[in-house]
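# Notes for the structure review
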Amino acid sequence: MIEVSQKIKKFKIPILILCLFLVGSFILQYSILLDKNLENLAQDFSTPHQNGITYSSGNILIENQTVQDDIIIKFTASVSIVNSTLQGSIYMFNIGGLFVLQTSNITQNVVMSDLSTLFVENSTIGGSIECRDDTSMELFDCHTPTTTVWKFDSANIILNGSNLATLNEFGIAGIIHIINSQISLVSLNGLPSSRTYITNSNILFLNDLVVPLNAITGPYRFSVLTFNISYSTSERIINLTWVGWDSPIIDGYLNITFEIYLDNQFYAEINGSGYYDLYSSSYQVHIPDPGKHNVSIVSIDSRGNRYTSTIIIEQISYPPFQWIPFFITIVVIAGLITGTIIWVKKKQNRGYFSSVGSIFKTELVAGKKKLLILAITSATPGIILFFSFMVITSLVGSIAIDGIRDLISMILSIYILYFGLIFSISVGAGSVANAKKNGTLSWFFSKPVRRWEFLWGKILAFMVMIVITMICVSISFVLGSIFYVDPIYFADILSIGGYIFLIGLIALLPLTAIVVFSSSVFKKVGFAYFIPIIVFMALPSIISFLPMLARSEWPLLFSFTFYFEQLGKVWISNIGGLFGSIGSYGGLLGIEITPLTLTPSTIIVIMVSLTIAFFSLATIIFQKQDIP
Amino acid sequence: MKNPIIQTFGLTKNFKDVVAVNNLNLKVTGGIYGLLGPNGAGKTTTIKMMIGSLFPTEGRIELFGNDINGKDTMDIHKRIGYVPEHPTYFLSMTAEKLLTYIGSIFQMPIQETKRRINDLLRLVDLSDARSRIIAKYSAGMKQRIGIAQALMNDPELLILDEITSNLDPVGRNQIIELLKDLKKRGKTIFISTHILPEIQKMNADSIAIINHGRLIMEGSIDELNEELKTQVIIISPNHKLFREGLSSIVSNITEEGDSLILNTEKSDKIWQVVANISLQNNITIKEFRTTGLDIEQIFMKALDSEQLGGIVK
């Protein structure tokens, strides 16, 4: 019995992992079994079913029926509904296929996801249609003027000869084709990788936030004109380009006038009359101040019909970098450091902190080669930016500040994520653990050195290294960006440098605290290196805050106060990170997991708390630990 | 009665299920004190508890009358010097920089630090290698710089952990001479080793023998000789009569020519018996002498006795 228990003790970690795996598998399997219980309810329409009717496989035809229940279609089921009325909703998951043919009527909603396919012809849908995740939907000759279509992620939609109330587009990919259709409101909100093509259709109001990759082609009534819109933040100019056709085109000649309105106020009039190649036109609209604005283009055709297209542009306010608060902060930090040094000196004279200074100095001297390497490494993003800007400017000419922001933010995101890990581990992981392993530490503690003095001598040296490294990184980003940008953006670039420095500090301090903690607490050097990596992987929220801050808007780089305001709008990440890890499992279990929205002060508090907590824990545990 | 420099009270250290040091009571009053024991006996663990690197599971250690883990730890550390078995100081530093660093830890004034470095490097015969980085030193030189760093604060007590175990005979002798010199200068030296003749060469004032973390014996070499069995040699033409007479008292008797050799701790009693036999039988005793054991014999006998459940303090 003793032997068995000893063996169990020896293999306790693999046994624990196995148990977790088995429990996880059981939960997963259980959730699938639950779904399978619904399968036997197919084609029984005589009485209402509590959980709806589920089709999981086979080709099912529902013809001349009135179905009161919800219909759930999933897996490989292929369902056709002909001349029928559905009083419930239709839900389609996991490659489910539904063909509604001829004069059918769905009184409620259609919800589809996960590679499902929907083809609707000459039918009506009373509620809304929701398409997600690689689904494919085609509406052909469907007159549903009150229906709203929601398109998410990589859903593909074709509307042909149909009419809708609203089409709302979100997500990262997918294509929408609108052909010979009429829609009251089209709202395009997804990423530019999601494309929309409008051909010979009538859209009363288009709200397009994803310019310029949507294309409008074909004979088109002048209800919408949003094509190739771009704006520059610093210059606050909207470049409008559009293509238009008169309704009665006579011999290729167009007799048309365009009126431009900014915030419902007349702005300009353009005579668009001419032959075909003059139908396209462009105009620059100057936005007077940041905030939400609408720009309308009214097209007046040869018959005097007026068609209005409106776009809404929200220009984020990027106030200039606030140097005064920045310098006040720097002065306060410098004051705190000076005050601390004076206080420590005084205490030293009374016999306290006697070794902190010596250890700090020795650590810095010992780490000078490492610091030099880190400083040289920090030139990397600058070099990448330099060559990127060089190539871009040679191809497209000058770069607007938005483009500069995008590129810098992308490189900084990657840099901080990986550099933070490399920096903290290379600097901190072996610092205490190696000294413990080779016996230096036990020898060192035979001197009049308090343990916390030893630890904090090192920690202070790391902090100085972080500051020096981040100064180098900031300079690198500034120098890498400044050579190929318009001089009007120099102030912005310098601001970016300032914020990169601050972001670096906020990022590296907690990471280094975790690494120092691990180096101090664990007796094996391998653990000191390995555990922080595991922690960073298992708790990506710690490091995902900062890269997520560096998203395309880059608001944090332009204003000290705006940075703190916008910080709170950053989610922990619904793509990766903590939510990404647990979100999908939550979905399997039917638990809705919502990404967190943190306030700026919360993020700062979390980062500072992590730093203080790990440094304090390291100090407390180290104080009472046996040093072999 | 001198105040003890080091005194342990029921010192015990457990590493999970392993008892490394078991209820150890030592008392060091000065001079050279050797802590002897085979590998794994608990010598290094004891020393690391002495310098405050390991915390005792039970019991306590007093240095200069103060608990090493009490409020006077820093004051104690200012009065001791420690040399570990494997010198792993800042190997990338030169000897001079290492000693300067140690000086800064002791908050020594710069001029005093420089003077002290010169003196110490001369003492350990490393003046010529002062600007060489320690990593390039030989094993003997590393141990000597180890002693120099331990002496930087002019400590009253030197704690040395098997410092000669990796040295060649020349290196060992240098260290031994150095320690004898330091003893003359009034330092107390606590040294652990399993190389026993060194302790004898150092003229250790006291030794303690430990095994499995337990104290087997403690005292001066003479005291231990007294306590352990002594060798008695009787040379006589009729020694067989003596053998018969002594067989009831001593079991371990060997004959070599005219000689009887007895290993016993009862030499006084044996003399009485031998004298009686000689008088009663009128036998001439050519020689009767007792000899002491050398330290190695003491050590081996002490371990044997411990295994037989004999002497355990």
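Residues numbered from 1 in each chain as written. Chains lettered and ligands numbered in written order. Predicted model: local features only at pLDDT ≥ 70, side-chain atom pairs only at ≥ 80, totals over all residues.

Turning our attention to the overall build of chain B. The secondary structure content of chain B amounts to 11 helices and 15 strands. Across the 313 residues of chain B, 42% fall into the buried class. Taking the intrachain contacts of chain B between residues at least 6 apart in sequence as the baseline, contacts between residues at least 24 apart amount to 69%. (Helix = DSSP H or I, 4+ residues; strand = E, 2+ residues; numbered from the N terminus. Buried ≥ 20, exposed ≤ 12 C-beta atoms within 10 Å, placed from the backbone. Contact = placed C-beta atoms within 7 Å.)

Below, the discussion takes up the overall build of chain A. Tallying secondary structure elements over chain A gives 15 helices and 31 strands in all. Residue burial in chain A is summarised as follows: out of 628 residues, 36% are buried. Of the contacts formed within chain A by residues at least 6 apart in sequence, a portion of 43% connects residues at least 24 apart.

A separate point is the nonpolar core. Formed by 137 residues in total, the largest nonpolar core has its most connected members in Leu-98, Ala-148, Ile-159, Ile-189, Phe-190 and Ala-208 of chain B. In this structure Ala-208 of chain B touches Leu-26, Leu-35, Leu-36, Leu-215, Met-217 and Glu-218 of chain B, once residues within four positions along its chain are discounted. Of all hydrophobic cores here, the second largest spans 42 residues; its members include Ile-62, Leu-98, Leu-159 and Leu-164 of chain A. (Core = buried A, V, L, I, M, F, W, Y, C linked by C-beta atoms within 7 Å.)

In this section: the sheet that holds strand S4 (residues 32–36) of chain B. Residues and elements named next belong to chain B. Reading across the sheet, the 6 strands line up as S7-S8-S9-S4-S10-S11 and stay open at both edges, with mixed pairing between neighbours. Of all strands in the sheet, those with a lone pairing partner are strand S7 (80–83) and strand S11 (214–219), marking the two edges. Each neighbouring strand pair of the sheet contributes to a mean axis angle of 15°, computed without reference to strand direction. Bridging between S7 and strand S8 (residues 157–161) involves 4 bridges; their strand directions are parallel. By the bridge assignment for S8, Val-83 is matched with Leu-160. Its contacts with the sheet place helix H1 (residues 43–50) against S4, S8, strand S9 (188–193) and strand S10 (206–211), and it is angled at close to 145° to S8. (Pairing = 2+ DSSP bridges. Axes fitted to C-alpha atoms, helices over the stretch in contact; angles between N-to-C directions.)

Below, the discussion takes up helix H4 (residues 110–123) of chain B. All names here are of chain B. For H4, with 14 residues, the first-to-last C-alpha span of 20 Å sits near the 20 Å given by 1.5 Å per residue. Buried within H4 we find Arg-116, Ile-117, Leu-120 and Leu-121. Buried residues along H4 cover an arc of 125° about the axis, so they all sit on one side. Across from the buried face of H4, at angles greater than 90 degrees, the exposed residues are Gln-111, Glu-112, Arg-115 and Arg-122. Of the surrounding elements, those touching the buried residues of H4 are helix H3 (95–105) and helix H5 (139–151). Asp-125 lies just past H4 and shows a positive phi near 60°. (Expected span 1.5 Å × (residues − 1). Arc of directions from axis to C-beta.)

Residue and element names in this part refer to chain B. Positive phi, normally seen in glycine, also occurs at Asp-154, with a value near 50°. Tracing the backbone through its elements, the reader meets Asp-154 in the loop between H5 and S8. In the Ramachandran plot, His-212 falls in the positive-phi region, its phi being about 50° despite a non-glycine side chain. Residue placement: His-212 occurs in the loop between S10 and S11. Its 16 C-beta neighbours within 10 Å are what place His-212 among the partly exposed residues.

Interface size is commonly expressed as the accessible surface area that is lost when the partners come together. Listed by partner, the interface residues are 21 residues for chain B and 16 residues for chain A. Listing elements by their share of the side of chain B that touches chain A, those giving two or more residues are helix H2 (73–78), S7 and H3 of chain B. At 4 residues, the largest contribution of residues to the side of chain B that touches chain A is made by H3 of chain B.

Another point: the environment of Ser-104 of chain A. All names here are of chain A. Within the element layout of this structure, Ser-104 appears in the loop between strand S8 (97–101) and strand S9 (105–106). Classification of Ser-104 as buried rests on a count of 23 C-beta atoms within 10 Å. Separated by 20 residues in sequence, Ser-104 and Ser-84 place their C-alpha atoms 4.9 Å apart. The contacts of Ser-104, once residues within four sequence positions are left out, are Ile-81, Val-82, Asn-83, Ser-84 and Ser-123.

Glancing now at the confidence of the model for chain A. Residue and element names in this part refer to chain A. Mean pLDDT over chain A works out to 72, with 65% of the residues at or above the 70 mark. When pLDDT is averaged over each helix and strand of chain A, the minimum, 37, is found for strand S22 (residues 215–217) and the maximum, 91, for strand S16 (residues 156–160). Contacts for the low-pLDDT stretch residues 28–42, under 50 throughout, to residues beyond four places or in other chains number 13 contacts. In this model, residues 211–234 is a region of pLDDT below 50 whose contacts with residues beyond four sequence positions or in other chains number 75 contacts. (pLDDT = per-residue confidence, 0-100.)

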